[in-house]
Amino acid sequence: MTLAPPPSSRVQLTEDGKLRHFLSVEHLPRSLLEDILDTAASFVDVGGRAIKKVPLLRGKTVVNLFFESSTRTRSTFELAAKRLSADVLNLDIAKSATSKGETLLDTLRNLEAMAADMFVVRHGDSGAAHFIAEHVCPQVAIINGGDGRHAHPTQGMLDMLTIRRHKGSFENLSVAIVGDILHSRVARSNMLALKTLGCPDIRVIAPKTLLPVGIEQYGVKVYTDMTTGLKDVDVVIMLRLQRERMAGGLLPSEGEFYRLFGLTTARLAGAKPDAIVMHPGPINRGVEIESAVADGNQSVILNQVTYGIAVRMAVLSMAMSGQTAQRQFEQEKAQ
Ligand code: CP
């Protein structure tokens, strides 16, 4: 399945502008992204409590539908839903009837018949989450857990929360995104979110073969050299080489990539002294990042994972309340 994602805001917002599905940060207003960050910030402390639960989604059912592998996204969505007191079903796709030829839509219809309220979907095809959102029954909310090269909106927002908590705001910040931009849904979500939130200096650093055509449309500065690209930045976001999405022949070797684009202690010294180092994971040590940097005192890579739970709690609770508001609106209109 290869699907062109439609404009996001039409599908994912209620008639009064609330979140109904969360498919992409594209076309979402700054106020809504700030709402997600503020709501997430209010949930950060829940993880430190003796009883890590709030009752916001009590009686609701969240289904994790992951057609691609995941460690962080799947488990933090599960924890987020449980901390909101929802019931959680993790569908094991490898053992599901999908392997017997059942279509995606038939699988969805069956889960709808079990009265599921939300689906968190990860899929290898760009546009899969939009496709599901357009075909699912009206009372179900869809959250995109990453679709092909297109979008990973909750990763984008947890990265924004991490930056805001370490740097205070996005004004006057220089942020560099480094590595395999071409295949990265995280890079796209981050570029869009940073732009919307007012970051004035967004840089991408990559070999020419790992830059998408039309990258300038994101309002970023493009560098093919680490020394100039990292100069005086406040935030460095490293990306993994997405070998599973590469057709081949885009890179001479991993060793060559590390020599030219790996984040080493020496290269990081060109950024501001208080620069933070981020990575969505999984990290490949010695391929895009030196171990001393990944484990060093400027690294906030594991903080990102912790903030991921709070952001996913925010998105699940906001989409559920948007969904309820939209249903009430439609019921009133029908009367
Ligand atoms: N960052 C991220 O999406 O990691 P996973 O693939 O482990 O979910």
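Before reading on, note that the structure itself is shown above.
Residues numbered from 1 in each chain as written. Predicted model: local features only at pLDDT ≥ 70, side-chain atom pairs only at ≥ 80, totals over all residues. Heavy atoms only, no water.

Before going further, it helps to examine the site of the ligand. The environment of the ligand is made up of Ser-70, Thr-71, Arg-72, Thr-73, Arg-122, His-152, Gln-155, Pro-280 and Gly-281. Arg-122 is positioned with one of its side-chain polar atoms (N or O) 2.9 Å from an oxygen atom of the ligand. One of the side-chain nitrogen or oxygen atoms of Gln-155 is found 3.0 Å away from a nitrogen atom of the ligand. Burial of the ligand by the surrounding chains reaches 91%, relative to a free accessible area of 260 Å². Tallied by class, residues from the shell around the ligand come to one nonpolar, six polar and two charged. (Near = heavy atom within 4 Å. Polar contact = N/O pair within 3.5 Å; in protein donor to acceptor, adjacent residues only side chain to side chain. Areas by Shrake-Rupley, 256 points an atom, 1.4 Å probe, with all protein chains shown as cover. Nonpolar A, V, L, I, M, F, W, Y, C, P; charged D, E, K, R; others polar.)

Using the criterion set out here, one finds 15 salt bridges in the structure. A salt bridge links Arg-285 to Asp-295, with the nearest nitrogen and oxygen atoms 2.8 Å apart. Pair noted here: Arg-285 is in the loop between strand E9 (276-278) and helix H11 (291-294) and Asp-295 is in the loop between H11 and helix H12 (301-334), with a separation of 10 residues, a long-range link. Judged by its relative accessible area of 43%, Arg-285 falls in the partly exposed class. With a relative accessible area of 54%, Asp-295 lands in the exposed category. (Salt bridge = Lys/Arg side-chain N within 4 Å of Asp/Glu carboxyl O. Helix = DSSP H or I, 4+ residues; strand = E, 2+ residues; numbered from the N terminus. Buried < 20%, exposed > 50% of the residue type's maximum accessible area, 1.4 Å probe, protein only.)

So, about the packing of helix H6 (residues 153-167) against helix H7 (residues 185-196). Contact pair H6 / H7: the axes reach a minimum separation of 8 Å and the direction vectors enclose 50 degrees. Between H6 and H7, the crossing angle belongs to the class labelled oblique. Once H6 is placed against H7, the crossing between them reads as right-handed. Residues Pro-153, Gln-155, Gly-156, Asp-159, Met-160 and Ile-163 of H6 pack against Val-186, Ser-189, Asn-190, Ala-193 and Leu-194 of H7. Of the residues assigned to the contact of H6 with H7, the class counts are six nonpolar, four polar and one charged. (Axes fitted to C-alpha atoms, helices over the stretch in contact; angles between N-to-C directions. Parallel < 35°, antiparallel > 145°, perpendicular 65-115°, else oblique. Left-handed = near helix turned anticlockwise from the far one by under 90°. Contact = heavy atoms within 4.5 Å.)

Membership of the largest hydrophobic core comes to 66 residues, with the highest contact counts inside it found for Ile-177, Ile-181 and Leu-316. With 11 residues, H12 is the largest single contributor of residues to this core. In terms of domain composition, this core takes at least three residues from each of domain 1 (30-152 + 306-334) and domain 2 (153-300). What Ile-181 contacts, discounting residues up to four positions off in sequence, is Ala-187, Arg-188, Met-191, Val-204, Ala-206, Leu-210, Leu-211, Pro-212, Ile-215 and Leu-239. Among the nonpolar cores identified, the runner-up in size contains 24 residues, and Met-238, Met-246, Ala-275 and Val-287 belong to it. (Core = buried A, V, L, I, M, F, W, Y, C linked by side-chain atoms within 4.5 Å. Domains from an automatic or database assignment.)

We now examine the environment of Ser-69. Examined against the element boundaries, Ser-69 turns out to sit in the loop between strand E1 (61-66) and helix H3 (72-83). Spatially, the C-alpha atoms of Ser-69 and Gly-124 are 9.6 Å apart, while their sequence positions differ by 55 residues.

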